[in-house]
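The primary structure of each chain is shown beneath.
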Amino acid sequence: QVQLVESGGGLVQAGGSLRLSCTASGRTYSSRFVMGWFRQALGKEREFVVGISRSGTTTNYADSVKGRFTISGDNAKNTVYLQMNSLKPEDTAVYYCAAGLGGVSTASYNYWGQGTQVTVSS
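Residues numbered from 1 in each chain as written. Predicted model: local features only at pLDDT ≥ 70, side-chain atom pairs only at ≥ 80, totals over all residues. Heavy atoms only, no water.

Participant: Explain the overall build of the protein to me, using residue names and the numbers behind them.
Facilitator: Helix and strand content of the protein: zero helices and eleven strands. Seen along its three principal axes, the alpha-carbon backbone of the protein occupies a region of about 40 × 25 × 25 Å. Per-residue burial for the protein yields a buried fraction of 40% across its 122 residues. Excluding contacts between residues fewer than 6 apart, the proportion of contacts in the protein whose partners are at least 24 apart in sequence is 55%. In the structure as shown, the protein presents an accessible area of about 6600 Å², 45% of it carried by carbon and sulfur atoms. (Helix = DSSP H or I, 4+ residues; strand = E, 2+ residues; numbered from the N terminus. Buried < 20%, exposed > 50% of the residue type's maximum accessible area, 1.4 Å probe, protein only. Contact = heavy atoms within 4.5 Å. Areas by Shrake-Rupley, 256 points an atom, 1.4 Å probe, with all protein chains shown as cover.)

Participant: Please set out the sheet that holds strand 1 (residues 3–7) residue by residue, giving values where relevant.
Facilitator: Overall, antiparallel pairing links the four strands, which are arranged 1-3-8-7 in an open sheet. Each edge of the open sheet is held by one strand with a lone partner, namely strand 1 and strand 7 (69–74). Pairs of neighbouring strands in the sheet enclose a mean axial angle of 15 degrees, with direction left out of account. Here strand 7 runs beside strand 8 (residues 79–84); their pairing, made up of six bridges, is antiparallel. Considered in strand 8, the bridge of Ser 72 is made with Tyr 81. (Pairing = 2+ DSSP bridges. Axes fitted to C-alpha atoms, helices over the stretch in contact; angles between N-to-C directions.)

Participant: Describe in detail the state of the cysteines, supporting the description with residues and values.
Facilitator: In this structure the tally under the stated criterion is one disulfide. Here Cys 22 engages in a disulfide with Cys 97; their sulfurs sit 1.9 Å apart. Every disulfide takes its handedness from the sign of the S-S torsion; for Cys 22 and Cys 97 that torsion is -80 degrees, giving left-handed. Within this pair, whereas Cys 22 is found in strand 3 (residues 18–25), its partner Cys 97 is found in strand 9 (residues 93–100), the two being separated by 75 residues in sequence. (Disulfide = S-S within 2.5 Å.)

Participant: Give a detailed account of the environment of Thr 59, specifying residues and quantitative values.
Facilitator: Note that Thr 59 resides in strand 6 (residues 59–61). Put simply, Thr 59 and Val 34 are 25 residues apart on the chain and 9.8 Å apart in space, counted from C-alpha to C-alpha. Here Thr 59 is in contact with Gly 51, Ile 52 and Ile 71, once residues within four sequence places are set aside.

Participant: Provide a residue-level description of the pattern of salt bridges, including the pertinent values.
Facilitator: Using the criterion set out here, one finds four salt bridges in the structure. The partner of Arg 39 in a salt bridge is Glu 47, and the shortest N-O contact between them spans 2.8 Å. Judged by relative accessible area, Arg 39 falls into the buried class, the value being 4%. Residue Glu 47 is classed as partly exposed on the basis of its relative accessible area, which comes to 38%. Here Asp 91 ties to Arg 68 by a salt bridge, and the two come within 2.7 Å at their closest N and O atoms. One end of the pair, Asp 91, is in the loop between strand 8 and strand 9; the other, Arg 68, is in the loop between strand 6 and strand 7, and 23 residues separate them in sequence. In this structure, Asp 91 and Arg 68 share a single accessibility class: buried. One salt-bridge network, held together by shared partners, links Arg 39, Glu 47, Arg 68 and Asp 91. (Salt bridge = Lys/Arg side-chain N within 4 Å of Asp/Glu carboxyl O.)

This is the structure in structure tokens:
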């Protein structure tokens, strides 16, 4: 089983920045291992934010965050980061770190963190 521990959520004003981190422990999936971020706003379905391959050479961003969010990884630490800049109130959601085989569907990820709240005030 893969366990995910994330941190970095909080309250920030519009235009500000936050940096989320997600550290995975347990089985290593080598080249198949993909980390992703999802978010779920109040009353809405969970949606894909961004994913990154184990090598870091392949990334996939949702249109809503392109140019503002950046995902990166540190394989030595088994950690993935999400740098969130130019935050908007619409980014307010619970952010979930996920591990699996990749893709934009929640069904492709079997392991999830407990979520961290990101609140962007206007």
